[in-house]
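# Topology and contacts: notes
Residues per chain, in single letters:
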Amino acid sequence: MAKVLVVTSGKGGVGKTTTTAALGAALARAGQSVVLVDFDVGLRNLDLVMGAERRVVFDLINVIQGDANLAQALIKDKRVDTLSLLPASQTRDKDALTPEGVAKVIADLSKKFDWVICDSPAGIERGAQMAMHHADMAVIVTNPEVSSVRDSDRIIGMLDSTTEKAKAGEKMEKFLLITRYDPQRAARGDMLGTDDVLEILSIPLLGIIPESPDVLKASNVGAPVTIAEPDSAPARAYTEAARRLMGEKVEVTIPTERKGLFDWLFKRRVA
Amino acid sequence: MSGTHPNSSRIRMSGRSFLALTLTPETPLVDWLAALDHQIQRAVGFFAGKPVILDLSLMRADTPDLPHLLPALQERGIRVLGIEGGDRSWPAVADWAWPESPMGGRASGPVSIPEGEKTPTLAPTLVVEESVRSGQHIIWPDGDVVILGAVSSGAEVTAGGSVHIYGALRGRAIAGIGGNADSRIFTRNLAAELVAIDGFYATAEEMDAKCTGKPTQVMLAGETLVFKPLL
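A brief structural summary. (Residues numbered from 1 in each chain as written. Chains lettered and ligands numbered in written order. Predicted model: local features only at pLDDT ≥ 70, side-chain atom pairs only at ≥ 80, totals over all residues. Heavy atoms only, no water.)

### Concerning the overall build of chain A
Within chain A, the regular secondary structure consists of 14 helices and eight strands. Looking at chain A as a whole, 54% of its 271 residues qualify as buried. Considering only residue pairs separated by 6 or more positions, chain A has 74% of its internal contacts joining residues 24 or more positions apart. Element-wise, carbon and sulfur atoms account for 50% of the exposed surface of chain A, whose accessible area totals about 12,400 Å². (Helix = DSSP H or I, 4+ residues; strand = E, 2+ residues; numbered from the N terminus. Buried < 20%, exposed > 50% of the residue type's maximum accessible area, 1.4 Å probe, protein only. Contact = heavy atoms within 4.5 Å. Areas by Shrake-Rupley, 256 points an atom, 1.4 Å probe, with all protein chains shown as cover.)

Structure (structure tokens):
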């Protein structure tokens, strides 16, 4: 049986889709078979970040409504062959997500893959609830700032009360992933420190992803940062987070940019 | 039929004694009834099933409100077993179903209503094993609430009694909602958005800054919320 993982946050723009793509690609590169499911019906982005937007024929809603089967809708990644994408529909809205339909799709995907990673839309409404409903575990993406932390707290409360696992009286595994972390700004006190965020949310830390232009660059070329720039600081942080998801014990550090002498000389000359 | 002798079967009888309560209303009756209500409130069910003798020796034919006295007692669930004193020929009591008082009996001294003993049993305490997250609301109208985790910003805990928070209080804590001014709020780390006891509240701005981030208890002194460090 697959592990069903939801990537969620409550707040928008904190890096859910980037994280879904990067973690999924890192798991796939480690040999796991992975499917990424975009639940952001009406505002889909995962296809862009994965560079698959020109290959979408059928989507999640088509599968739910029986217009297409899973094999037709799944898009296999061209770079990592154990990685697949089930895109969302851009023309529909989140009301098209029916509980029975979603349950069936997740159950079918669970038979085929090791990991089913659900990219949740922002907010706490239907789309987000559908994305988290069948999850076994959750990655809560949080930026080190107060509004993101409070929204994450709200989502954690929902994960513990409204999901199928919660209703069965079981505990959902939850991990905190801090993204867009800037050590310099944190040192100056412009940002919440990781300790503060951890203390407030009190769930285990999966990783700290440093703020980096490599993330944006990777999105723009349509590749998860763990594929586009595997040696960059954020990619290394995501790869370590993926190893922790697989149960490895890896100490959490904040990877920093490797600045060689050559980079230093080059930057001096440009400046 | 005459075939059975009246003495051949004897019915079973045995004695049993009850302590009857004697109520002696005083004038003005309105005040006396109010005092009675107050005592009933403190000891709910005290009169339930108890035989009561009504002693009208302090009443007169023209005592105001006298006609309503017996119905008022019955309304309160007091079973009047007999009436002593007074006079059933008074026009004021003409409508009463006047139960004859049992003969004899001896006075056994004043009976005091047990203070609080018969009040409803203490409401149980609600223990929440984890943190109360943003958007969640815990309501416990009667007893105390104990939170082992934290209360997040945007979360709310409402209790009829006291609120005990072993983690940080970053949201709202509302104690003593039933009008219990003696209830308190305790937390290991005061960073609340709002605290309230018995309707008196303080927002974060109004809280004692020296307690912020520290173990604190909040209590009500008169109409002021007092913040005290917990040691």
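### Some thoughts on the pairing of strand β2 (residues 51–55) of chain B
All names here are of chain B. In terms of burial, β2 is a largely internal element, five of the five residues being buried. Judged by which residues are buried, β2 turns out to be covered on both faces: Pro51, Ile53 and Asp55 on one side and Val52 and Leu54 on the other are all buried. With five bridges connecting them, β2 and strand β3 (residues 79–84) associate as parallel partners. Bridge pairing in β3 links Asp55 to Glu84. Handedness of the β-α-β unit built from β2, helix α2 (residues 66–75) and β3 comes out right-handed. (Pairing = 2+ DSSP bridges. Right-handed = clockwise from strand over helix to strand, strands pointing away.)

### Some thoughts on unusual backbone geometry
That bond from Thr27 of chain B to Pro28 of chain B is cis: its omega, -10°, falls within 30 degrees of zero. Not every positive phi belongs to a glycine, and Arg180 of chain A is a case in point at roughly 55°. For Arg180 of chain A, a relative accessible area of 41% gives the class partly exposed. Unlike most non-glycine residues, Ser202 of chain A shows phi in positive territory, near 40°. Tracing the backbone through its elements, the reader meets Ser202 of chain A in the loop between α10 (194–201) and β8 (205–210). Among the residues examined, Ser202 of chain A registers a relative accessible area of 43% and is labelled partly exposed.

### Some thoughts on the interface of chain B and chain A
The parts lose accessible area when they come together, and the size of an interface is often stated as this lost area. Contacts between chain B and chain A engage 11 residues on the former and 11 residues on the latter. Buried surface at the junction of chain B and chain A, both sides included, amounts to about 900 Å², of which 33% is carbon and sulfur. Considering only the surface of chain B that becomes buried against chain A, Arg133, Ser134 and Arg170 of chain B emerge as the three largest contributors, covering 58% of it. Our count for the chain B to chain A interface comes out at four salt bridges. Run the count over chain B and chain A and you get nine residue pairs in polar contact (both at pLDDT 80 or more). Among the residues forming the side of chain B that touches chain A, the class breakdown is no nonpolar, seven polar and four charged. (Buried area = accessible area lost by both parts, 1.4 Å probe. Salt bridge = Lys/Arg side-chain N within 4 Å of Asp/Glu carboxyl O. Polar contact = N/O pair within 3.5 Å; in protein donor to acceptor, adjacent residues only side chain to side chain. Nonpolar A, V, L, I, M, F, W, Y, C, P; charged D, E, K, R; others polar.)

On their own, these measurements won't tell you what the molecule is for.
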